[in-house]
Amino acid sequence: MSSTAPSTPAASVAAGVTGYVHSVETGGTSDGPGIRFVAFLAGCALRCLYCHNPDALQMHDGTPRTAGDLLSEIARYVPFLSAARGGLTLSGGEPLLQKAFAQEVLQGAKAMGLHTALDTSGYMGRNADDALPFAPDEPSVDAAAAQFGWDARSLALIAAPSPDAVGRAVLV
């Protein structure tokens, strides 16, 4: 094995997909069950007045990383995350603006045996299609996108694969 090869089988599948990661948190407790590895992806098409991550709105403010690189980092925490009944949460910004990257990271985390969660506004814009090619264990959909033309189709595409979908509305 060469020194440039990814360190996990999951990483080797996703090594070529690049995304923009704003930051990571290795001990998140409010973005899904248990203790979480939370990756905040950069970029969001919305400009919500109550945005809790306004520093992650611009894609160019993120760090380019391959899915394999991020999965290798996540792999170092698998024993702890599993023992803490946690997993991986993709948040943002809006992770679905980087759908291919999100898909590879979620699938790689599931291959490592982790619970997966997707924290999304529900607004997919031009990234909406007939079905998401991945299904996180727990999609969390914010009602924010309703003010920007969000429709029931987007919610159905995100939440349909999971009986554990969570709806969220922020009261301001």
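Residues numbered from 1 in each chain as written. Predicted model: local features only at pLDDT ≥ 70, side-chain atom pairs only at ≥ 80, totals over all residues. Heavy atoms only, no water.

Colleague: Is there a simple way to think about the overall build of the protein chain in this case?
Modeller: Each helix and strand in the protein chain was counted, giving five helices and seven strands. Helices and strands appear in the protein chain in the N-to-C order α-β-β-β-α-α-β-α-β-β-α-β. By residue count, 46% of the 172 residues in the protein chain fall in the buried class. If you take every contact in the protein chain between residues at least 6 apart in sequence, the share linking residues at least 24 apart comes to 69%. (Helix = DSSP H or I, 4+ residues; strand = E, 2+ residues; numbered from the N terminus. Buried < 20%, exposed > 50% of the residue type's maximum accessible area, 1.4 Å probe, protein only. Contact = heavy atoms within 4.5 Å.)

Colleague: Which parts of the structure should I look at to understand the pairing of strand β1 (residues 18-28)?
Modeller: Taken residue by residue, a regular strand's side chains alternate between the two faces of the sheet. As judged from the four bridges shared by β1 and strand β3 (residues 63-66), these two strands associate in the antiparallel manner. Residue pairing in the sheet places Tyr-20 in a bridge with Pro-64 of β3. The pairing of β1 with strand β2 (residues 36-41) spans five bridges and is antiparallel. Bridge pairing in β2 links Val-21 to Leu-41. (Pairing = 2+ DSSP bridges.)

Colleague: What should I look at first to understand helix α2 (residues 67-75) in this one?
Modeller: For an α-helix, the turn length of 3.6 residues means that residues three or four places apart are oriented alike. The element α2 is extensively covered by neighbouring structure, given that seven of its nine residues are classed as buried. Residues of α2 that are buried include every one of Ala-67, Gly-68, Leu-70, Leu-71, Ser-72, Glu-73 and Ile-74, and no others.

Colleague: Mind showing me how you'd approach the pattern of salt bridges here?
Modeller: Should the charged atoms of two oppositely charged side chains come close, the side chains can pair. Within this structure, the stated rule accounts for two salt bridges. As a salt-bridge pair, Arg-65 and Asp-69 come within 2.7 Å of each other at their nearest N and O atoms. Residue class for Arg-65 comes out buried when judged on its relative accessible area of 15%. Judged by its relative accessible area of 37%, Asp-69 falls in the partly exposed class. (Salt bridge = Lys/Arg side-chain N within 4 Å of Asp/Glu carboxyl O.)

Colleague: Explain the packing of α2 against helix α4 (residues 99-111) to me, please; I cannot follow it from the model alone.
Modeller: Axis angle and axis distance: for two packed helices, these are the angle between their axes and the distance between the axes, and together they describe the pair. Contact pair α2 / α4: the axes reach a minimum separation of 9 Å and the direction vectors enclose 30 degrees. Along this stretch, α2 crosses α4, giving a crossing that reads as right-handed. Here α2 contributes Ala-67, Leu-70, Leu-71 and Ile-74 to the contact with α4, which in turn contributes Phe-101, Glu-104, Val-105, Gly-108 and Ala-109. (Axes fitted to C-alpha atoms, helices over the stretch in contact; angles between N-to-C directions. Left-handed = near helix turned anticlockwise from the far one by under 90°.)

Colleague: Honestly, unusual backbone geometry in this entry has me stumped. Any pointers?
Modeller: Leaving glycine aside, a negative phi is the common case for residues, and trans is the common case for peptide bonds. In this chain, Gly-92 is followed by Gly-93 through a cis amide linkage whose omega measures 25 degrees. Along the chain, Gly-93 falls in the loop between β4 (87-92) and α4.

Colleague: How should the environment of Ser-23 be read in this particular structure?
Modeller: Among the structural elements, Ser-23 can be located in strand β1. Exposure remark for Ser-23: the relative accessible area of 26% places this residue in the partly exposed category. When the C-alpha atoms of Ser-23 and Thr-63 are compared, they prove to be 8.2 Å apart, with 40 residues separating the residues in sequence. Once residues within four sequence positions are removed from consideration, Ser-23 is found in contact with Val-38, Ala-39 and Phe-40. Engagement of the side chain of Ser-23 in a polar contact is seen with the side chain of His-22, the distance being 3.0 Å. (Polar contact = N/O pair within 3.5 Å; in protein donor to acceptor, adjacent residues only side chain to side chain.)

Colleague: Please explain the pairing of β4 as it appears in this structure.
Modeller: For β4, the tally of buried residues reaches six of six residues, placing the bulk of the element in the interior. Taken together, the four bridges between β4 and strand β5 (residues 115-120) define a ladder with parallel strand orientation. Looking across to β5, one finds that Thr-89 is bridged to Ala-117. Read as a crossover between parallel neighbours, the route from β4 over α4 to β5 is right-handed. (Right-handed = clockwise from strand over helix to strand, strands pointing away.)

Colleague: Honestly, the side chain of Asp-31 in this entry has me stumped. Any pointers?
Modeller: Tracing the chain through its elements places Asp-31 in the loop between β1 and β2. Since its relative accessible area comes to 19%, Asp-31 is described here as buried. Ignoring anything within four residues of it in the chain, the contact list for Asp-31 reads Arg-36, Val-38, Thr-89, Ala-117 and Asp-119.

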